[in-house]
Amino acid sequence: MNEKLYKALGASGVSNLVIGTCVLVTGVASGILLIISGARLLKHKSKVLL
């Protein structure tokens, strides 16, 4: 019985690590894209504020 519980907890831990890593990578990538987009807006501020 304990082996089944140990394997289930191990699989749950691995899946949590994988999902957490995916969320972290997605967050970093979207943050970088937002910073680049904001920098482009600041660069062309005079054209935006007609």
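In what follows, the accompanying structure is described. (Residues numbered from 1 in each chain as written. Predicted model: local features only at pLDDT ≥ 70, side-chain atom pairs only at ≥ 80, totals over all residues. Heavy atoms only, no water.)

With respect to the overall build of the chain
Scanning the chain from terminus to terminus reveals two helices and zero strands. In terms of overall dimensions, the chain is more spread out than a globule: its C-alpha atoms have a radius of gyration of 22 Å, far above the 10 Å expected for 50 residues. Dimensions along the principal axes, computed over C-alpha positions, put the chain at roughly 70 × 10 × 5 Å. Approximately 4,800 Å² of the chain is accessible, and the part contributed by carbon and sulfur atoms is 74%. (Helix = DSSP H or I, 4+ residues; strand = E, 2+ residues; numbered from the N terminus. Rg over C-alpha atoms; globule rule 2.2 N^0.38 Å. Areas by Shrake-Rupley, 256 points an atom, 1.4 Å probe, with all protein chains shown as cover.)

Re helix H1 (residues 2–43)
Within an α-helix, residues lying three or four positions from one another point in the same direction, as the helix has 3.6 residues per turn. For H1, built from 42 residues, the straight-helix expectation of 62 Å at 1.5 Å per residue is met to within 8% by its first-to-last C-alpha distance of 61 Å. Among the 42 residues that make up H1, zero are buried, leaving the element largely open to the surroundings. (Expected span 1.5 Å × (residues − 1). Buried < 20%, exposed > 50% of the residue type's maximum accessible area, 1.4 Å probe, protein only.)

Things to note about a nonpolar patch on the surface
Together, Leu24, Val28, Ile32, Leu33 and Ile36 give the surface a local cluster of nonpolar side chains, amounting to about 480 Å² of exposed area. Relative to the assigned elements, Leu24 resides in helix H1. (Patch = residues over 30% accessible without salt bridge, like charges linked within 9 Å, V, L, I, M, F, W, Y side chains within 5 Å. Salt bridge = Lys/Arg side-chain N within 4 Å of Asp/Glu carboxyl O.)

Comments concerning the environment of Leu41
Relative to the elements of secondary structure, Leu41 occurs in helix H1. Each C-alpha atom, one on Leu41 and one on Ala11, is 45 Å from the other, the two residues being 30 residues apart in sequence.

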